Protein chains: 6
Amino acid sequence: MLYLLFLADIKVNGFACKSEANISASDFAFEGLAKPGIINSSVGSVVTTANVEKIPGLNTLGISLARLDYAPGGLNPPHTHPRATEIVFVLEGELDVGFITTANKLISKTIKKGETFVFPRGLVHFQMNNGDKAAAALAAFNSQLPGTQSIALTLFTATPAVPDDVLTKAFQVGTKEINKIKDKLAPKKS
Amino acid sequence: MLYLLFLADIKVNGFACKSEANISASDFAFEGLAKPGIINSSVGSVVTTANVEKIPGLNTLGISLARLDYAPGGLNPPHTHPRATEIVFVLEGELDVGFITTANKLISKTIKKGETFVFPRGLVHFQMNNGDKAAAALAAFNSQLPGTQSIALTLFTATPAVPDDVLTKAFQVGTKEINKIKDKLAPKKS
Amino acid sequence: MLYLLFLADIKVNGFACKSEANISASDFAFEGLAKPGIINSSVGSVVTTANVEKIPGLNTLGISLARLDYAPGGLNPPHTHPRATEIVFVLEGELDVGFITTANKLISKTIKKGETFVFPRGLVHFQMNNGDKAAAALAAFNSQLPGTQSIALTLFTATPAVPDDVLTKAFQVGTKEINKIKDKLAPKKS
Amino acid sequence: MLYLLFLADIKVNGFACKSEANISASDFAFEGLAKPGIINSSVGSVVTTANVEKIPGLNTLGISLARLDYAPGGLNPPHTHPRATEIVFVLEGELDVGFITTANKLISKTIKKGETFVFPRGLVHFQMNNGDKAAAALAAFNSQLPGTQSIALTLFTATPAVPDDVLTKAFQVGTKEINKIKDKLAPKKS
Amino acid sequence: MLYLLFLADIKVNGFACKSEANISASDFAFEGLAKPGIINSSVGSVVTTANVEKIPGLNTLGISLARLDYAPGGLNPPHTHPRATEIVFVLEGELDVGFITTANKLISKTIKKGETFVFPRGLVHFQMNNGDKAAAALAAFNSQLPGTQSIALTLFTATPAVPDDVLTKAFQVGTKEINKIKDKLAPKKS
Amino acid sequence: MLYLLFLADIKVNGFACKSEANISASDFAFEGLAKPGIINSSVGSVVTTANVEKIPGLNTLGISLARLDYAPGGLNPPHTHPRATEIVFVLEGELDVGFITTANKLISKTIKKGETFVFPRGLVHFQMNNGDKAAAALAAFNSQLPGTQSIALTLFTATPAVPDDVLTKAFQVGTKEINKIKDKLAPKKS
């Protein structure tokens, strides 16, 4: 709630709340989504956030944005947002999008420029650019800081590592396959 | 919450909740924001909503979108959303945007393509296209149906009419000025 | 939640939370609504708040009160509370009250001593004393600090000023009428 | 949220939600608090509620009122509201009011006409009229239906009865004392 | 929400929020429920809590546990949790459990090892071990700090004392019976 | 909220709400967690739920339980609950438990009989029985129907299938490895 702006400067939720005298338009504005993010990941996509860490005025207001950029063939791999529902709007190109329900049903669709799609709170979802040119989307979340868990990275690159027997049992394959995935997903040394 | 999908088809919040067997991607998708809305209002702007009335799958999920289109010189006049904070992202052109705090301070800024701005919950705000070409923005709300009250229309065109003495006293002018505004804002007869 | 009282003194939501040993009845009591507020506004009404700024014990509890006093002919002009529903109870006299829905329908009624009326969250509403003697009401809100935006003052007296072209376009009149309203509503110099 | 008013008539939370075309001021108004309730209880007080059961328009809005009337010496005996914080405003007379914290500390005060006092969510509280004339108060709750448990009646007059060994152990007295209280509190036969 | 872990160490709700670098498994674990609590109360039961005061990682997460131990014939006397619903699971022995609704109806049952029972938010409830051996239960609450008011102690042992005339009127007995209960429930001097 | 019990029988959230006259203890009780679930999965564990689908009285109350049973070496594989935080209590045996934060840090611990551990809302977590005898745990959730997504099954066994290129790109391996996992995780034909 904005009323905190009328009080002495304090922290709420760990973020600064400015007094009325000190707030300005810059607390509520952000220019960082204007340009495509630089894609240098192996999956061919990048996420640029516009949450309370970037826009102080969002504190306590329960909403945020992100920009998603995809190279041709790029994937925003299966992930969850522990604290938010997401709705995307395609800015450029087209995307194959999908989420899986708690009854293990895949709900998917190809969406084009100007179209929207909803990923309900907490469910695993992904977007893939199967076109031959770059794509981009804007995502809105009903949390000031929705959080993200990229499923493959969470399971295969956490520190310390998730125990091998958890992974071999969960995926029902041997340590050879598990180690292969771990190797592929490990951050590259320069 | 999505769990209602696993039950028999029912209504929650007055909107349909489908059973798991009956949901499909079309319940979570919407194409209606892809094209600019047709501007035929006297203020030179139009709002196209993408809320739970258009996207059934949004029911209980607490988020929605809208597309805002502005002719050159067009204004989305001062209004409030009784149930949501809004964050806008400029799709095309540039906009002069602002909101007024409960301490009567105007917080305003000119934002360009790709830039974002926040309008905190329930506060009066507006956007104006002072450029010489069309502008457009995407708006996200943390409500599945945020509601809108356009201030001038609310006060001068409600049915039945807000009493004249309320308006003359509130604006401290005579019935002549009040009636002039009422006439100008009244829906045009064809 | 009251449990903060059992901890060391801290601030929550920017308001003090006292430890158990330090709280007393005075943290939960307020005498400031007992007498009518002094009416010296041009609209003939005054609001006296009893929120968390006056009653520290309300912090985190989600409720507050206000006393409304009206001279004969006095108006509590159209306004919104961004963060609360309001319910009023007439203490003295009678009032013409109303709110406008998001479908632009005026819901209004004359209420007398001991009668109550509801103004739903975030909607524009007003009360007017059309009787020939003073009136008073008690208002309850489901927020510890509901906030208020008086519509005419918000649009015509904010600092800095809302741009003239926003106002002329919103109300569809010329700068002459806009400036007249601004002049009338401007704080009087002494 | 009021948006349900714009849809077909349905039930939400078990209460009717009318369509926009069907709502009227009477859905938001209530006259039942205007006159003192009739006191015919052994404790010398009576509560008249103004909640969603009486005011249909309160549905989903999270607030309600009640009127409390006290004969000289009358007591609103120790009770809790399972779903709300309460704030009282004295309409007539004076009251000794108090609540007990979860650390077993009594917070109490004598409040007079026009004064207010807060009873935090879920805590046991009471009001007593120790004056020699009638008293009355208005109570606001941040729930559309706060619920009430009058402690003595809950323990000694429930149907079926709370087992004797629960009561003798809880109060550390014999069945003689327990039965005496049960007899005294039992509804009178005519 | 856990995101506070990623910030500098701060306090939220009066409890510490650690930065990501500083959290460890010990912030989310608790061993204190493993052994039966020591019963030395006159009612023959003891409650061991596992809330945010014991498990720092529960801060903002809205859940907690407690262990309940009962001697043969032991009673967890009628009480309320102002901020939570409770659900119990019997670990050992069997229990007579019950709650009273706001319509003064007793809902009760005998539950055995491995069985569960719900006590809705804020309602008076109790458990009694009518068996001839020790019993134990695990209780879960949907609050990180649900709070407890033991009814008899709240009314008869608060500091300062609840006034005698409140108690005599509430229970409809004389000061002799009230004083007898007070004496019995008073903390024993050593 | 329980107040719905006092009204005519209706549905709220898609679950039945009984009138006061019709509720009984059986609406709030459940015996289904008393015995270990039968483990016939390839991972060596089974979950038995005690949510609103089993206990009608939990409707609107925001809490539920589950019983977790593990064979020696059994794993409750990495999964999320989209709508709840979880806290577990070990009933028998010992468990290696862990969750991964949104900063990709594994927080893990071995917990023994009577010990508890928290899995914050929406985060991927698991439990494994590395002992040589059966283990069991009770889990509490702050949702009446928390939902579960078992990560490996969600990605490799959904219907229709998550596209191969999404999986090969997410895990950075070829279709051979992906198909091997799919084969292993596919429901067995009888």
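Cut-offs applied
Residues numbered from 1 in each chain as written. Chains lettered and ligands numbered in written order. Predicted model: local features only at pLDDT ≥ 70, side-chain atom pairs only at ≥ 80, totals over all residues. Heavy atoms only, no water. Contact = heavy atoms within 4.5 Å. Buried area = accessible area lost by both parts, 1.4 Å probe. Salt bridge = Lys/Arg side-chain N within 4 Å of Asp/Glu carboxyl O. Polar contact = N/O pair within 3.5 Å; in protein donor to acceptor, adjacent residues only side chain to side chain. Helix = DSSP H or I, 4+ residues; strand = E, 2+ residues; numbered from the N terminus. Nonpolar A, V, L, I, M, F, W, Y, C, P; charged D, E, K, R; others polar. Pairing = 2+ DSSP bridges. Axes fitted to C-alpha atoms, helices over the stretch in contact; angles between N-to-C directions. Buried < 20%, exposed > 50% of the residue type's maximum accessible area, 1.4 Å probe, protein only. Parallel < 35°, antiparallel > 145°, perpendicular 65-115°, else oblique. Least-squares fit on C-alpha atoms with pLDDT ≥ 70 in both. pLDDT = per-residue confidence, 0-100. Phe/Tyr/Trp six-rings, centres within 6.5 Å; stacked < 30°, edge-to-face > 60°.

Colleague: Can you break down the interface of chain F and chain A residue by residue, with the values?
Modeller: At the junction of the two partners, chain F supplies 51 residues and chain A supplies 51 residues. Taking both sides of the interface into account, the surface hidden between chain F and chain A amounts to around 4400 Å²; carbon and sulfur atoms contribute 65%. Along the contact surface separating chain F from chain A lie 2 salt bridges. Notably, a salt bridge pairs Glu177 of chain A with Lys180 of chain F, separated by 2.4 Å at the nearest N-O pair. For the interface between chain F and chain A, the tally reads 16 residue pairs in polar contact (both at pLDDT 80 or more). Mapped by element, the contributors of at least two residues to the side of chain F that touches chain A are β6 (75-80), β11 (125-128), α1 (151-156), α2 (164-171) and α3 (175-185) of chain F. In terms of residue count, the dominant contributor to the side of chain F that touches chain A is α1 of chain F (6 residues). Tallied by class, residues from the side of chain F that touches chain A come to 27 nonpolar, 16 polar and 8 charged.

Colleague: Just give me the short version of the sheet that holds strand β9 (residues 106-112) of chain F, but keep the residues and values in it.
Modeller: On the basis of which strands lie adjacent, the open sheet formed by 5 strands has the order β9-β8-β11-β6-β13 (chain F) and antiparallel pairing. Of all strands in the sheet, those with a lone pairing partner are β9 and β13 (149-150) of chain F, marking the two edges. Two strands pair when backbone bridges link them, and β6 of chain F and β11 of chain F are joined in this way by 3 bridges, in the antiparallel orientation. Bridge pairing links Asn76 of chain F to Gln127 of chain F in β11 of chain F. Its contacts with the sheet place helix α2 (residues 164-171) of chain A against β6 and β11 of chain F, and it is angled at close to 85° to β6 of chain F.

Colleague: Let's hear about unusual backbone geometry: which residues, and what values?
Modeller: In this structure, Pro160 of chain C follows Thr159 of chain C across a cis peptide bond, with omega equal to -10°. Looking at the secondary structure, you find Pro160 of chain C in the loop between α1 (151-156) and α2 (164-171). Positive phi outside glycine occurs at Asn104 of chain B, with the angle close to 65°. In this structure, Thr60 of chain C is a non-glycine residue whose phi angle is positive, near 75°. By the element assignment, Thr60 of chain C lies in the loop between β4 (45-50) and β5 (64-70). Exposure remark for Thr60 of chain C: the relative accessible area of 27% places this residue in the partly exposed category.

Colleague: Report on the pattern of salt bridges, specifying residues and quantitative values.
Modeller: Side-chain pairing between opposite charges can occur once the charged atoms of the two side chains come close. Residue and element names in this part refer to chain A. In total, this model carries 24 salt bridges over all chains according to the counting rule given. One salt bridge connects Asp164 with Lys182, and the closest N-O pair in it is separated by 2.6 Å. With Asp164 in helix α2 and Lys182 in helix α3 (residues 175-185), this residue pair connects regions lying 18 residues apart in the sequence. Given a relative accessible area of 28%, Asp164 falls into the partly exposed group. According to the relative accessible area criterion, Lys182 is buried, its value standing at 16%.

Colleague: Which residues make up the arrangement of the chains, and what are the values?
Modeller: Over all C-alpha pairs, chain A and chain D never come within contact, reaching a minimum spacing of 17 Å. For the non-touching pair chain B and chain E, the nearest C-alpha separation works out to 18 Å.

Colleague: Provide a residue-level description of the packing of α2 of chain A against α3 of chain A, including the pertinent values.
Modeller: Residue and element names in this part refer to chain A. Remark: α2 packs on α3, axes separated minimally by 9 Å, with the N-to-C direction vectors making an angle of 105°. Comparing the axis directions of α2 and α3 gives the class roughly perpendicular. Counting all contacts with α2, which are made through Asp164, Leu167, Thr168 and Phe171, the residues of α3 involved are Thr175, Ile178, Asn179 and Lys182.

Colleague: Which residues make up the relation of the copies chain F and chain A, and what values go with them?
Modeller: The two copies are related by a screw operation: chain F maps onto chain A through 180° of rotation and 0.0 Å of translation along the axis, at an RMSD of 0.0 Å. This pairing of chains is accounted for by a two-fold axis. Closest approach to the rotation axis among the C-alpha atoms of chain F is made by Gly122 of chain F, whose C-alpha sits 3.1 Å away. Taken together, the interface assignments show that 100% of the residues at the interface of chain F recur at the interface of chain A, consistent with an identical surface on both copies.

Colleague: Lay out the confidence of the model for chain A with the relevant residues and their values.
Modeller: Residues and elements named next belong to chain A. In the predicted model, chain A carries a mean pLDDT of 91, and the fraction of residues at 70 or more is 91%. Taken as a whole, residues 1-9 scores under 50 in pLDDT and shows 42 contacts with residues more than four places along the chain or in a different chain. For this predicted complex, the interface confidence reaches an ipTM of 0.92, while the overall pTM sits at 0.93.

Colleague: Now, about the environment of Gly93 of chain E: what can you tell me, with residues and values included?
Modeller: Residues and elements named next belong to chain E. By the secondary structure assignment, Gly93 is in the loop between β7 (86-92) and β8 (94-100). For the pair Gly93 and Leu33, spaced 60 residues apart in sequence, the C-alpha to C-alpha distance is 17 Å. Here Gly93 is in contact with Lys112, Lys113, Ala134 and Ala135, once residues within four sequence places are set aside.

Colleague: Break down the packing of aromatic side chains for me, with residues and values.
Modeller: Overall, the coordinates contain 33 aromatic pairs over all chains when judged by the stated rule. On the numbers, 6.0 Å between centres and 75° between planes, the contact of Phe171 of chain A with Phe171 of chain F is edge-to-face. Taken together, the positions of Phe171 of chain A in helix α2 and Phe171 of chain F in helix α2 put the pair across two chains. Both residues of the pair, Phe171 of chain A and Phe171 of chain F, belong to the buried class. With a centroid separation of 6.3 Å and 50° between ring planes, the pair formed by Phe99 of chain D and Phe117 of chain D is classed as tilted. In this pair, Phe99 of chain D sits in strand β8 (residues 94-100) while Phe117 of chain D sits in strand β10 (residues 116-119), placing the two residues 18 residues apart along the sequence. For the pair Phe99 of chain D and Phe117 of chain D, one class covers both residues: buried. Ring-pair connections join several aromatic residues into one group, and the members of that group are Phe28 of chain A together with Phe99, Phe117 and Phe119 of chain B.

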